[in-house]
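An overview of the molecular structure
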Amino acid sequence: MPKTIALHSTTGALAKYLTEQGYQVIDYPAAERPGVKVDAILCTGYRPDMIAAYSSLTERVDISLGNIHHDFGNDHAVPVNINITGMSPEQVRDNLYRHLERHHHCHS
C-alpha cells in the first residue's frame, strides 16, 4: 500500500513527482478527514499552525467512529513532519524515504 503524503496542494510539480515515485499525495484538508491515515506531512517555511494541528498527541475521536487511530489500525498515530523548504524534488524524495524508514523502525 502506498504511503500517504500531505502537501499544501496536489496540483504542483512536487505532488506529480511524488505520485510518480509511488506515493499517494493528498492536500492538507483531505488529511484532516476522519479515517485518513497520513504517513508524512511536507511543509515549506515556518507553519506552526499546520504542524500543531497534525502532530498533536491527543487522539482524534468522533462519537460515531470512536478512536480513529485504533479503529483503522494505524501503526503510528503521529505522521512524520518534514520541512522541505529549498529542497529539490529528489532531495524531498530522499528525505521522505529516510524519515519514513526511521519512523517505521521506531514504531515497530
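Thresholds applied
Residues numbered from 1 in each chain as written. Predicted model: local features only at pLDDT ≥ 70, side-chain atom pairs only at ≥ 80, totals over all residues. Heavy atoms only, no water. Helix = DSSP H or I, 4+ residues; strand = E, 2+ residues; numbered from the N terminus. Contact = heavy atoms within 4.5 Å. Areas by Shrake-Rupley, 256 points an atom, 1.4 Å probe, with all protein chains shown as cover. Pairing = 2+ DSSP bridges. Axes fitted to C-alpha atoms, helices over the stretch in contact; angles between N-to-C directions. Buried < 20%, exposed > 50% of the residue type's maximum accessible area, 1.4 Å probe, protein only. Arc of directions from axis to C-beta. Salt bridge = Lys/Arg side-chain N within 4 Å of Asp/Glu carboxyl O.

Within the chain, the regular secondary structure consists of five helices and six strands. Reading the helices (α) and strands (β) of the chain from amino to carboxyl end gives β-α-β-α-β-α-β-β-α-β-α. For the chain, the proportion of contacts with a sequence separation of at least 24, taken over those separated by at least 6, is 55%. Roughly 6600 Å² of accessible area belongs to the chain as shown, and the carbon and sulfur atoms make up 55% of that amount.

Turning to the sheet that holds strand E3 (residues 40-43), a few remarks are in order. Reading across from one edge, E2-E1-E3-E6 is the order of the four strands in this open sheet, with parallel pairing throughout. Either end of the sheet is taken by a strand with one partner, and the two such strands are strand E2 (24-27) and strand E6 (80-83). With strand direction ignored, the average angle separating the axes of adjacent strands in the sheet is 25°. As paired strands, E3 and E6 are joined by four bridges and run parallel to one another. Residue pairing across strands places Cys43 opposite Asn83, the latter belonging to E6. Lying on the sheet, helix H1 (residues 13-20) is in contact with strand E1 (4-7), E2 and E3; it crosses E1 at an angle near 175°.

A few words now on H1. What H1 keeps buried is the set Leu14, Ala15, Tyr17 and Leu18. The buried residues of H1 occupy one face: seen down the axis, they fall within an arc of 165°. For H1, the exposed residues set more than 90 degrees away from the buried face come down to Ala13, Lys16 and Glu20.

Between side chains of opposite charge, a pair can form when the charged atoms approach closely. A full pass over the atoms with the stated rule returns three salt bridges. Of the charged contacts, one joins Glu20 and Lys16 as a salt bridge, the two residues approaching to 3.9 Å between their closest N and O atoms. One end of the pair, Glu20, and the other, Lys16, are both in helix H1, four residues apart, so they sit about a helical turn from each other. Of the two residues, Glu20 and Lys16, both sit in the exposed class.

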